[in-house]
Amino acid sequence: MPTTTAAQRRAAEAADYDAYLAECPARQLLDRIGDKWASLVVNALADGPLRYSGLRRRLAGVSEKMLTQTLRALERDGLVVRTVTAGVPARVDYALTALGRDLLPLMRQIKAWAESHMPQVLAARAAYDDGRRAPG
């Protein structure tokens, strides 16, 4: 059996990813980036680093617990980096990594699509709800 390099092994493993399979790590990543808070955090960091308090103000309605969990998960996945600057008090900034910046155009498009298509979605919801109530 020929020897393979680490890069060759990673490429072979990547070919095995199939998000339709329950155990596939790509499915977990899709869950992460499909989360509303994760997508909003990525979009909020588009213009550069923000402190926790700045993110919290930007993301109306997010609880401290949910924002902390989301930031930790994005950091774990390599999409966000947390930088602590010594001082009193210490300053903590969050920024997109190169991987996060690579994801950003897609997240921006999804956000823009959702914002621009809300009238049609609301109309579809109303029509569905009216149709569901009518036969009763």
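These numbers come from a predicted model, not from an experiment.

Novice: Before we move on, could you go through helix α3 (residues 36-44) and cite the residues and values that matter?
Specialist: Of all nine residues in α3, seven are buried; the element is thus mostly enclosed. Taken together, the buried positions of α3 are occupied by Trp37, Ala38, Ser39, Val41, Val42, Asn43 and Ala44. Elements in contact with the buried residues of α3: α2 (25-34), β1 (50-51), α4 (52-58), α5 (64-76), β3 (91-96) and α6 (98-116). The residue sitting at the N-terminus of α3 and contributing the capping side-chain oxygen is Asp35; that oxygen lies 3.0 Å from the backbone nitrogen of Trp37.

Novice: If you had to explain the packing of α3 against α5 to someone new, which residues and values would you point to?
Specialist: Remark: α3 packs on α5, axes separated minimally by 10 Å, with the N-to-C direction vectors making an angle of 70 degrees. Judged by the angle between their axes, α3 and α5 are roughly perpendicular. Of the residues in α5, those in contact with Trp37, Ala38, Val41 and Val42 of α3 are Met66, Leu67, Thr70, Leu71 and Leu74. Of the residues in the contact of α3 with α5, the class split is eight nonpolar, one polar and no charged.

Novice: I'd like to hear about the pairing of β3, residue by residue, with values.
Specialist: For a regular strand, the rule is simple: side chains alternate between the two faces of the sheet. For β3, the tally of buried residues reaches five of six residues, placing the bulk of the element in the interior. As defined by bridge partners, β1 adjoins β3 across two bridges and the pair is classed as antiparallel. In the sheet register, Arg51 faces β3, and the bridge partner there is Asp93. For strand β2 (residues 80-85) and β3, the ladder comprises six bridges, and the chain directions are antiparallel. For Val84, the partnering residue across the bridge sits in β3 and is Val92. From the end of β2 to the start of β3, which pair antiparallel, there are five residues.

Novice: Outline the environment of Val42, listing residues and values.
Specialist: Mapped onto the fold, Val42 is located in helix α3. Put simply, Val42 and Leu71 are 29 residues apart on the chain and 9.7 Å apart in space, counted from C-alpha to C-alpha. When residues no more than four places from it in sequence are discounted, the contact partners of Val42 are Leu74, Leu96, Gly100, Leu104 and Met107.

Definitions and limits used
Throughout, residues of each chain are indexed from 1 in the direction in which the sequence is written. Predicted model: local features are reported for residues with pLDDT of at least 70 only, side-chain atom pairs are reported and counted for 80 or more only, and whole-chain, interface and lining totals are derived from all residues. Just so you know, side-chain values use all the structure's heavy atoms and leave hydrogens and water out. Each residue is assigned to one of three classes by its accessible area relative to the maximum for its type, calculated with a 1.4 Å probe on protein chains only: buried under 20%, partly exposed between the two thresholds, exposed over 50%. Where helices and strands are cited, they refer to DSSP runs of H or I of at least four residues and of E of at least two residues respectively, numbered from the N terminus. Throughout, a residue-residue contact means that at least one pair of heavy atoms, one from each residue, lies within 4.5 Å. In protein, a polar contact means a hydrogen-donor-capable atom and an acceptor-capable atom, both N or O and within 3.5 Å, with residues adjacent in sequence counting only if both atoms are side-chain atoms; elsewhere, any N or O pair within 3.5 Å suffices. Here the axes come from fitting lines to C-alpha atoms, over the contacting stretch only for helices, and the angles between their N-to-C directions go from 0 to 180 degrees. Angle categories: roughly parallel below 35 degrees, roughly antiparallel above 145, roughly perpendicular from 65 to 115, and oblique for all the rest. Residues were grouped as follows: Ala, Val, Leu, Ile, Met, Phe, Trp, Tyr, Cys and Pro as nonpolar; Asp, Glu, Lys and Arg as charged; and all remaining residues, including Gly, as polar. We call two strands paired when DSSP finds no fewer than two bridges between them.

Function cannot be inferred from these measures alone, as they are strictly geometric.
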